[in-house]
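Residue-level structure breakdown
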Amino acid sequence: MAATVLRYLEESAATYPQKPAVIDEHQQCTYQELRTTSRRIASALAPKVERGTPVMVYMEKGVDALTVFFGTLYAGSFYSLLNPELPKSRLEQIQSVLQAQIVVTSADLKDAAADIFPTAELLTVEELREAEENPAALAAVQDAAIDTDPVYINFTSGSTGTPKGIVVCHRSIVDFIDCFTQLFHITERDIIANQAPFDFDVSVKDIYSALKTGATLVIVPRRLFSAPVQLLDFLCDHQVTTLIWAVSALCLISTFHGLDYKTPTTVNKVLFSGEVMPLKHLRSWREHLPEAMFVNLYGPTEVTVDCTWYPIQREFADGERIPIGRACANKEVFLLDEHLQPVPPGQPGELCVRGIGLAKGYFGQWDKTRSAFIQDPRNPNYPDLIYRTGDLAVMDEAGLFTFLTRQDGQIKHMGYRIELGEIETVLNSIPSMEEVACLFDPERDRIHCIYTGSQESKDIAKLARA
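Let us look at the structure shown here. In this convention, every chain numbers its residues from 1, walking through the sequence in written order. This being a predicted model, a pLDDT of at least 70 is required before a residue's local features are given, and a value of 80 or more before pairs of side-chain atoms are given or counted; all residues contribute to the totals for chains, interfaces and linings. Where side-chain values are given, they derive from all heavy atoms of the structure, hydrogens and water being excluded.

Attention shifts here to the pattern of salt bridges. Any Lys or Arg side-chain nitrogen located within 4 Å of an Asp or Glu carboxyl oxygen qualifies as a salt bridge. Per the stated rule, a full pass over the model turns up 26 salt bridges. E60 is the partner of R222 in a salt bridge, and the nearest nitrogen-oxygen pair spans 3.2 Å. Of this pair, R222 sits in the loop between strand 10 (216-219) and helix 10 (228-237) while E60 sits in the loop between strand 3 (55-58) and helix 3 (63-74); the two residues are 162 residues apart in sequence, bridging distant segments of the chain. Only protein chains enter the calculation, and the probe is 1.4 Å; a residue is then buried if its accessible area is under 20% of its type maximum, exposed if over 50%, and partly exposed in between. Owing to a relative accessible area of 35%, E60 belongs among the partly exposed residues under this scheme. Between R171 and D147 there is a salt bridge; the shortest N-O distance is 3.1 Å. A residue pair is termed long-range when its members are at least 10 positions apart, and R171 in helix 8 (residues 170-183) and D147 in the loop between helix 7 (135-144) and strand 7 (150-155) qualify at 24 residues. Each of E332, R354, D376, R378 and D384 takes part in a single network of salt bridges with overlapping partners. Secondary structure elements follow DSSP: runs of H or I of four or more residues count as helices, runs of E of two or more count as strands, with numbering from the N terminus.

What follows is the structure in structure tokens.
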């Protein structure tokens, strides 16, 4: 078998066959059961899939969805998870890009799927998992597999324009997860609480870290993220050790002082990403879990989840930015100016990434791929692609990167170039303001602040200047 992510499942099923692999709200399965069910699904799918075409998975996240993911890979195809919570118009946009011929869903969602994807062949997980395993057919598929074959397509968020489907291959995931699990000491003893939706690439760290190490993946019910008390009970009851969560999910708990109600003391790793972590929330988590490892992670989907990391090992002053740190193993991170020239330390520039972790590009969208994945301007001698993130950052003399803002977050106001992210950092330092976002109205030349918290709006400008 090529060095694909399926090796993780094969090895964990052989080493920990009876160990719980995945637990969701309704069921759980062992590693052996996960492998067996996935291979049965693959046996049913293999005669139907065509090279270079995805299988669309229209399902709630859970054990069943994962069996379809891995079954699709065993069958020689790749998957794209479509969240049933998305609006119909958005799902139709994605299908207009994918043109998927096969949609796998669950029995309870089959009618909805038929309405949204009328031209696709609909299959249910309940039917597929009843198939007999065909070892010979699956062996033939895996003998032909190579590690640059795709694993999944995740679509960029946003409600306007054509969505971009980011194609990520086995080699990129294996390269990342092998380093990620070693760096953060994730082992078979860990219990990983999955927060991220399966169409959000943070979940890749949950799914494939567990698969690689033989850890147990516990899928947190979505409804608990609107009930902090129940969420903390859930984490404590399952003796969770590892949170690889979006910043907003962690802030949900600390905003409502949930840690004062109950602290999940078994948690020893808190790895956060997705947005800038407000310092007041980071302090609350570190005060309640003083022995835990806290790490700030950064990276767009196009570079296979993360490209930098920064361990939190000191206190930060109000208004200070948390660095995004140094490059992850086997990735180069650097800054270029608007003329695609290298930027010296201390100067802002667009953050760019080079390495095996780069996605294969955007599915069916060659022009968008060519504009984002470009030849490294520092190398005129042979093909060498980099990815332009569109994020502005700065590197200090020690080689640490700090995120500033989106490139399109820089505005010109009253003759001055202003980064909205800098304003947000200052406002986030005000104790009575919980979460902050700044918007620019170019027609009226005004900056607007949207926030949650108890602060009276009339005093914000005075406090920000203090």
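Residue placement: S203 occurs in helix 9 (residues 202-213). Those residues in contact with S203 that lie beyond four places of it in its chain are N194, A196, P197 and F198. The contact criterion used throughout is that any non-hydrogen atoms of two residues lie within 4.5 Å.

Right, let's talk about the sheet that holds strand 12 (residues 269-273) for a bit. Two strands are said to pair when DSSP picks up at least two bridges between them. Judged by pairing direction, the sheet is mixed, and its 9 strands sit side by side in the order 2-1-10-9-11-12-13-14-15 without closing on themselves. For this open sheet the edge positions go to strand 2 (28-30) and strand 15 (326-327), each flanked by a neighbour on one side alone. For strand 9 (residues 191-194) and strand 11 (residues 242-246), the ladder comprises 2 bridges, and the chain directions are parallel. The partner of I192 across the bridge, within strand 11, is T242. Along the sheet, helix 10 makes contact with strand 9, strand 10 and strand 11, crossing strand 11 at roughly 145 degrees. Fitting a line to C-alpha atoms yields each axis, with helices limited to the stretch in contact; the angle taken between N-to-C directions then spans 0 to 180 degrees.

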